[in-house]
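Next come the chains, spelled out residue by residue.
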Amino acid sequence: MTDSKYFTTTKKGEIFELKAELNSDKKEKKKEAVKKVIASMTVGKDVSALFPDVVNCMQTDNLELKKLVYLYLMNYAKSQPDMAIMAVNTFVKDCEDPNPLIRALAVRTMGCIRVDKITEYLCEPLRKCLKDEDPYVRKTAAVCVAKLHDINAQLVEDQGFLDTLKDLISDSNPMVVANAVAALSEIAESHPSSNLLDLNPQSINKLLTALNECTEWGQIFILDCLANYTPKDDREAQSICERVTPRLSHANSAVVLSAVKVLMKFMEMLSKDLDYYGTLLKKLAPPLVTLLSAEPELQYVALRNINLIVQKRPEILKHEMKVFFVKYNDPIYVKLEKLDIMIRLASQANIAQVLAELKEYATEVDVDFVRKAVRAIGRCAIKVEQSAERCVSTLLDLIQTKVNYVVQEAIVVIKDIFRKYPNKYESVIATLCENLDSLDEPEARAAMIWIVGEYAERIDNADELLESFLEGFHDESTQVQLQLLTAIVKLFLKKPTETQELVQQVLSLATQDSDNPDLRDRGYIYWRLLSTDPVAAKEVVLAEKPLISEETDLIEPTLLDELICYIGTLASVYHKPPSAFVEGGRGVVHKSLPPRTASSESTESPETAPAGAPSGEQPDVIPTQGDLLGDLLNLDLGPPVGGPPLTTSSVQMGAVDLLGGGLDSLIGGPNFVAPPAATVPPNLGTSMGSGLSDLFDLTSGVGTLSGSYVAPKAVWLPAMKAKGLEISGTFTRQVGSISMDLQLTNKALQVMTDFAIQFNRNSFGLAPAAPLQVHAPLSPNQTVEISLPLNTVGSVMKMEPLNNLQVAVKNNIDVFYFSTLYPLHILFVEDGKMDRQMFLATWKDIPNENEAQFQIRDCSLNAEAVSSRLQSSNIFTVAKRNVEGQDMLYQSLKLTNGIWVLAELRIQPGNPSFTDLELSLKCRAPEVSQHVYQAYETILKN
């Protein structure tokens, strides 16, 4: 009879009966009773009352019974720690049993019982089992060390188990090696700083030998361990690759992906001139293709990994396009991934078959898939120039189908094609305009409006088309409203006489009737541009647009390199580093590919080197070109250079014609009507000067003349170290200019002349903007004060600490070197005020692990004074609120290299004369946070 009978009983008073059966003299009856206990435990009944009786059954030769008792023990030892100690003697005895299965079972169970009192008794048996003659016992003991380390790390280190574990890497049995590697990797993850897996060529050789013989999961542990090793040169890298390559033909897909990870990593070190490099590329393709014949879930994981591989090395799969063609029965998630990879692999050689395939997909029934397919045709046109014409004709054919969502997607991608190939395919605009009435999605409407505005001079009834959109202006989405505003201003600049009323209407709608700050701001900017300098307006609004890049969704190069190191893990499926989704980030180490060899660097092909990839020396602190906020607020809203200064007479703002003289000169007539006075918001100020300034916030982003906090001069170079020359100094920032204020004192007995100064490369590119000018010879005991202007366009190299500056000063006696730390607030620029919407969006966008918390104790300022003092050092308050009696300031600042730092400052109410401040900083380059905090503390406490 099967064991299911144990789960069917519903007797009452069962515990009492079981107690009697457990103490029976008959072995069979005992075994039956223990099975019943385990069955009850499995279905959730509390059988902990039987603990002493079950423990008594441990002393038996019957392996099955022993396993059952151990199972019970593991479950209840935590709730009955005092009872569990009764079992220790049996454990110790079982660890010396002649049967290796019992020895292994005992040590495994002891490792699973997470009770501190038992761990000390576990040490001696574990030490014996780690050196046991039977490999099965040794491999079980290796895993037990990792479990024990999790319970009591200090005990494991004191007992020397880690050294024994390292010795097991040289074991003769491959399974023991694999388990030792797995245990050490597990321990190393929780202690990233410890160098437990101290890999060297000898230990790597042992791992590679064990690789061929251990089980598939053992192989994965070993391969993952190999991936963390950096070979000393390309020869060693090639040797490892040669021995790992056979794993590519393994039946287990996890082993294949782990092998691919090792090979992708070590290929970085191989020169592309090597024959072996080409061979390796060819060997990598078949296993990846084979993964696509598995079930859909595995296919999806494989495709997400292939997506990364194709971005890093497209040449691996460039001849395998057909395997990514979509099958009719593929689930939608597989279809969309395949489509993405098809576009990445599209080239001149295969574009014809890709386009034929995509056109077929565009007639499918799955709406999401069809949309993506239409978008893919547009991406192909942008990626492969030779195919653009064919792509455009394919898109026009699709528009003729009149299927609503197909037409809308086609219009969105045609807009991008116009951006990529200006003045080439504009003949299709007429066809697009025919479909104007069918557009109901914001993105498609915005794209169509952009096309009409951009090519207004080619469309006879452009004003009518845009006016039709304007009728329901307030019902449109923000995206469409912004696009419509820009398009009508473009139209006005191209056909001024015909569209005065239209432009006034849209500016009035955008500035006075809208409560969207983005729309209002853009409306005011256009309004002011048109009223003050129409020529400048033309240059800004109708400026030549940069061509769009072919791959807009490529993963950023440094992140891609990190993700390649995580192939075969969850990070490669999410396309995010582990730190982004592992709670608490325990044990998450940032990985990167090994540095390229000199030979492979020189032969980098344009195909594999992404444009704008940072050079090896570029520090982490410097933002990438596509940094979200890099150049967002670099709008110069000052009066036009050389133009008349803003008047400051007390003219009422309502009576000012913001679109006055400037437009008259553009359209040649005095009949341009100003917006009525009543509709101008009352809070725009009374005088012309204050009104315009407040309207465009001209003053709020500019540091005042008082400048930021200046630290007192400190001695940087004592006279005894510089043959009598003493240098003291400090750094200042006044109205956008950085200076190094120096005091040179001659304490020698001879005159000093011929002064010069030079800075070493530093984190923010600080460099002298002019030579060091000491106009007269420096006589003995004479002191001279000099202000040396600095700029931030020098060479960049990440320093430790970040704000370290190494300086060389030369005179007629010698060259002297010193280093100093500059306060970071001298790099806070004047346009560092972010608008609220952008602040909120950016705060959410920056990952939580980039947030740093600090405390500023005993500050003698209230919220107003804090805000005012910080603003004088270009730390701007974006918003302020009071939460449960605490003042909260939300602030932004921007560094000279475009890095934004966002802050939340909580002012604790306390002693009236002193308060504590809690500072939270968020930044895309978290290494600057500590120095920004120091700047806060310096500014607020001095």
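What counts and how
Residues numbered from 1 in each chain as written. Predicted model: local features only at pLDDT ≥ 70, side-chain atom pairs only at ≥ 80, totals over all residues. Heavy atoms only, no water. Helix = DSSP H or I, 4+ residues; strand = E, 2+ residues; numbered from the N terminus. Buried < 20%, exposed > 50% of the residue type's maximum accessible area, 1.4 Å probe, protein only. Pairing = 2+ DSSP bridges. Contact = heavy atoms within 4.5 Å. pLDDT = per-residue confidence, 0-100. Salt bridge = Lys/Arg side-chain N within 4 Å of Asp/Glu carboxyl O. Axes fitted to C-alpha atoms, helices over the stretch in contact; angles between N-to-C directions.

1. Overview of unusual backbone geometry
Note the cis peptide between Glu 800 and Pro 801, where omega equals -5°. When you line up the elements, Pro 801 lands in the loop between β6 (783-791) and β7 (804-810). Phi is positive for Asp 754, close to 55°, though the residue is something other than glycine. In this fold, Asp 754 is placed in the loop between β3 (737-746) and β4 (756-759). Not every positive phi belongs to a glycine, and Asn 781 is a case in point at roughly 60°. Here Asn 781 shows up in the loop between β5 (767-768) and β6. For Asn 781, a relative accessible area of 69% translates into the label exposed.

2. Quick notes on the pairing of strand β13 (residues 915-923)
The element β13 is largely enclosed, with a buried count of seven among its nine residues. Examined bridge by bridge, strand β12 (residues 900-907) and β13 share seven bridges and lie antiparallel to one another. Within β13, the residue paired with Leu 902 across the bridge is Lys 922.

3. A short note on the environment of Phe 91
If you trace the backbone, Phe 91 turns up in helix α6 (residues 88-94). Separated by 31 residues in sequence, Phe 91 and Leu 122 have C-alpha atoms that sit 8.6 Å apart. For Phe 91, the contacting residues outside a window of four places in its chain are Met 58, Tyr 70, Leu 73, Ala 106, Thr 109, Met 110 and Ile 113.

4. Overview of the confidence of the model for the protein chain
Put simply, the protein chain has an average pLDDT of 79, and 85% of its residues get 70 or more. This stretch, residues 598-706, has a pLDDT under 50; its non-local contacts, to residues over four places away or in other chains, come to 168 contacts.

5. With respect to the pattern of salt bridges
Applying the stated criterion to the full structure yields 31 salt bridges. In this structure, Lys 128 and Glu 96 form a salt bridge, with 2.5 Å as the shortest nitrogen-oxygen distance. Taken as a pair, Lys 128 in helix α8 (residues 116-130) and Glu 96 in the loop between α6 and α7 (100-112) lie far apart in primary sequence, 32 residues in all. On the accessibility criterion, Lys 128 (45% relative accessible area) is partly exposed. Asp 330 is the salt-bridge partner of Lys 338, the closest N and O atoms lying 2.9 Å from each other. For Lys 338, a relative accessible area of 1% corresponds to the buried category. Residues joined by salt bridges that share partners form a network here, namely Arg 371, Arg 375, Glu 409, Glu 441 and Glu 443.

6. Overview of the sheet that holds β7
Ordered in space as β4-β7-β8, the three strands form an open sheet in which the pairing is antiparallel. Of all the strands in the sheet, just β4 and β8 (815-821) have a single pairing partner and so form its edges. Mean inter-strand twist for the sheet, computed between neighbouring axes without regard to direction, equals 25°. Relative to β8, β7 runs antiparallel, the two sharing seven bridges.

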